[in-house]
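Architecture and fold: a report
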Amino acid sequence: MNIHPRVLEYEVPEFASRLKDKAPPTKLVLAMVPTPIQRFRMPEEIDGFEIFVKRDDMTGSTLSGNKIRKLEFILADALEKKADTIVTCGGIQSNFCRITALAAKELNMQTHVLLRSPTPSDKRSVGNQGNVFLHKLNGTTMHLVKKQAYLTGLLPKMEILSDQLSSQGLSPYLIAIGGSDTVGLWGYIECWKEMLEQNVPGFITDVVVTIGSGGTAAGLAIGNYLSGSKVKMHAISVCDNAQIFHEHVNEMIEFLGLSNETKSEDILNIIDGYKGRGYALNTKEELDFIKAASGTSGVPTDPVYTGKAVRGMFVELQNQSRTGQGHFSGNKILFVHTGGIFGLYDGQIEPILGDSTVRDLTNGAKKAFRVVAVAEIEVARPGMPDLFERGLCTSSRIAEYTNLFKGELIVVWFNASNNLPSWTYGLRDSRRKLLLPASSTVAYTAKP
Ligand SMILES: Cc1ncc(COP(=O)(O)O)c(C=O)c1O
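Every value quoted in this text rests on a predicted model; they were computed, and no experiment measured them.

**With respect to the overall build of the protein chain**
From N to C terminus, the protein chain includes 16 helices and 16 strands. For the protein chain, buried positions account for 40% of its 448 residues. Long-range contacts, defined as pairs at least 24 residues apart, comprise 73% of the intrachain contacts of the protein chain with a sequence gap of at least 6.

**Points about the sheet that holds strand β11 (residues 269-271)**
Pairing between the strands of a sheet is mediated by backbone hydrogen bonds and can be parallel or antiparallel. One open sheet accounts for six strands, arranged β3-β4-β12-β9-β10-β11; its pairing is mixed. Edge strands, defined here as strands with exactly one partner in the open sheet, are β3 (37-39) and β11. Each neighbouring strand pair of the sheet contributes to a mean axis angle of 30 degrees, computed without reference to strand direction. The pairing of β3 with strand β4 (residues 50-55) spans three bridges and is classified as antiparallel. Counted as the bridge partner of I37 is K54 from β4. With respect to the sheet, helix α7 (residues 215-227) is in contact with β9 (206-211) and β10 (232-237), its orientation differing from that of β9 by roughly 155 degrees. This element, helix α11 (residues 306-323), spans β9, β10, β11 and β12 (332-337) of the sheet and lies at about 170 degrees to β12.

**Considering the sheet that holds strand β7 (residues 141-145)**
Judged by pairing direction, the sheet is parallel, and its four strands sit side by side in the order β7-β6-β5-β8 without closing on themselves. Because the sheet does not close on itself, it has two edges, and the strands there are β7 and β8 (172-174). Between one strand axis and the next, the sheet turns by 25 degrees as a mean value, whatever way the strands run. Alignment of strand β5 (residues 85-91) against strand β6 (residues 110-116), held across seven bridges, turns out to be parallel. Considered in β6, the bridge of G91 is made with R116. Of the strands in this sheet, β5, β6, β7 and β8 are in contact with helix α4 (residues 150-167), which crosses β5 at around 155 degrees.

**Focus on the confidence of the model for the protein chain**
Atomic detail in the predicted coordinates should be set aside for any region of low pLDDT. In this model, the protein chain carries an average pLDDT of 86, and 80% of its residues clear a pLDDT of 70 or more. Scored below 50 in pLDDT, residues 426-448 shows 34 contacts in the model against residues more than four places distant or in partner chains.

**Considerations on α11**
For α11, with 18 residues, the first-to-last C-alpha span of 25 Å sits near the 26 Å given by 1.5 Å per residue. Residues of α11 that are buried: T306, G307, K308, A309, V310, R311, G312, M313, F314, E316 and L317. Remark: G324 follows α11 within two positions and exhibits a positive phi of approximately 80 degrees.

**Concerning the packing of α7 against helix α8 (residues 242-255)**
At a minimum axis distance of 10 Å, the contact between α7 and α8 shows a crossing angle of 50 degrees. One element, α7, and the other, α8, form an angle in the oblique class. You can see that α7 and α8 cross each other, and the crossing is right-handed. Two secondary-structure elements touch here, α7 through A217, A218, A221 and I222 and α8 through V249, M252 and I253. Grouping the constituent residues of the contact of α7 with α8 by class yields seven nonpolar, no polar and no charged.

**With respect to the nonpolar core**
Most often, soluble globular proteins keep nonpolar side chains buried together rather than apart. A103, V207, A217, L220, A221, I222 and F335 are the most contacted members of the largest nonpolar core, which has 97 residues in total. There are two domains that each give this core at least three residues, and those are domain 1 (6-62 + 182-353) and domain 2 (67-179). With residues near it in sequence (within four places) discarded, F335 still touches F40, I51, V53, V208, V310 and M313.

**Quick word on the site of the ligand**
Lining the immediate surroundings of the ligand are 20 residues, of which G212, S213, T216, T338 and G340 lie closest. Looking at the shell around the ligand, the elements that each hand over two or more residues are α2 (95-106), β9 and α7. Tallying contributions element by element places α7 first for the shell around the ligand, with three residues. Split by residue class, the shell around the ligand holds four nonpolar, 15 polar and one charged.

**Examining α7**
In this model α7 runs 18 Å from its N-terminal to its C-terminal C-alpha over 13 residues, within 8% of the 18 Å that 1.5 Å per residue would give. Buried residues dominate α7, accounting for twelve of its 13 residues. Residues of α7 that are buried: G215, T216, A217, A218, G219, L220, A221, I222, G223, N224, Y225 and L226. The inward-facing, buried residues of α7 contact α1 (67-80), α5 (185-197), β9, β10, α8 and α9 (264-267).

Reading the values: the criteria
- Residues numbered from 1 in each chain as written.
- Predicted model: local features only at pLDDT ≥ 70, side-chain atom pairs only at ≥ 80, totals over all residues.
- Helix = DSSP H or I, 4+ residues; strand = E, 2+ residues; numbered from the N terminus.
- Buried ≥ 20, exposed ≤ 12 C-beta atoms within 10 Å, placed from the backbone.
- Contact = placed C-beta atoms within 7 Å.
- Pairing = 2+ DSSP bridges.
- Axes fitted to C-alpha atoms, helices over the stretch in contact; angles between N-to-C directions.
- pLDDT = per-residue confidence, 0-100.
- Expected span 1.5 Å × (residues − 1).
- Parallel < 35°, antiparallel > 145°, perpendicular 65-115°, else oblique.
- Left-handed = near helix turned anticlockwise from the far one by under 90°.
- Nonpolar A, V, L, I, M, F, W, Y, C, P; charged D, E, K, R; others polar.
- Core = buried A, V, L, I, M, F, W, Y, C linked by C-beta atoms within 7 Å.
- Domains from an automatic or database assignment.
- Near = placed C-beta within 6 Å.

As structure tokens, then:
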């Protein structure tokens, strides 16, 4: 039996075999893959386009989202280097920090995260919501720092913290923001292999993904390029801008030794214009869109990454549908949903949720239900109670129910709206008074 998580020797996909020397030697099995591809209904139909979603938000439970694919490689590298402590960084609701800390704990490593906070001197300002809730459950050490750039601010601070941990006899392993390094890159090269196995180029013309630190889009674009598929790869930015991301992806291309044959600008179309008020800041319009899109598709998106990207994709598709011009090379679009569900629980969206779908069932129930039978199943009279004989319960289950409910009262009623039979049962107390839940009042009063 293979006990989870386990380390495997990494086999580079066929299409990337010429990059074997650049690939990490091992990989952990942490993600629940392959993730499904399904139809993705938008809040309004977009004429001429069919939209699908690859559910990378379903790569796990607390380990869900795109980052776990990167961490399969990064944490394998940490294990190989005999690390016992992980140091990384992100925004206060960073999905990457949450997944890293939880996955590291599964591997018996501790995690220190540097979290950018608007009020770093107030420990209580982190609250208990979303990803922070899971950090507190997990026992992750959270270091609050001011908002600052990664290379000039966060990275040097992580290095100082790593030195301090080393001087305490620990063996720290530092992970770049978002896991977007040349090791994590392989997570989405490998995901492209999964998408080839799902025949994505056979029925999809364009793939769209969110870009936040660049590793996911880089892996998909490089995989797509190496495999020679005709799919067009798009990334919608939720921070920084296309130029900064192209520079980052070009560094990856250079690391892989591909810079004399291609460049980011040729293999990845980065779409700016949808970061709104800025990274992790939202407008009411964006939050309304998240609610509408989730209410139409049943697929929740998050306020920091995927919500903005799906909105961007939706607006761009509407424009192209109207004008015939735009970014998309064809009309079969696949959005790669990179997760972030816990960020949705940071409380921001609560004011717009409202209560228009909440009903008071107590009165409705009294009017809607018509009681048609009440019967008692006795130990001494096993067999078929009257109501079962009248076809209100399938015969194969009669014996089972008789045993289960002997000595109890069964009440059968019809739902007035659809005329389908339902049943409930009540226990009796020591004085044989019927104990029914409050919602069963009608059934009780109609007892023969
Ligand atoms: C939910 C979610 N989607 C997308 C991204 C962006 O991915 P990347 O950092 O690889 O660009 C992130 C992280 O930054 C994320 O947490």
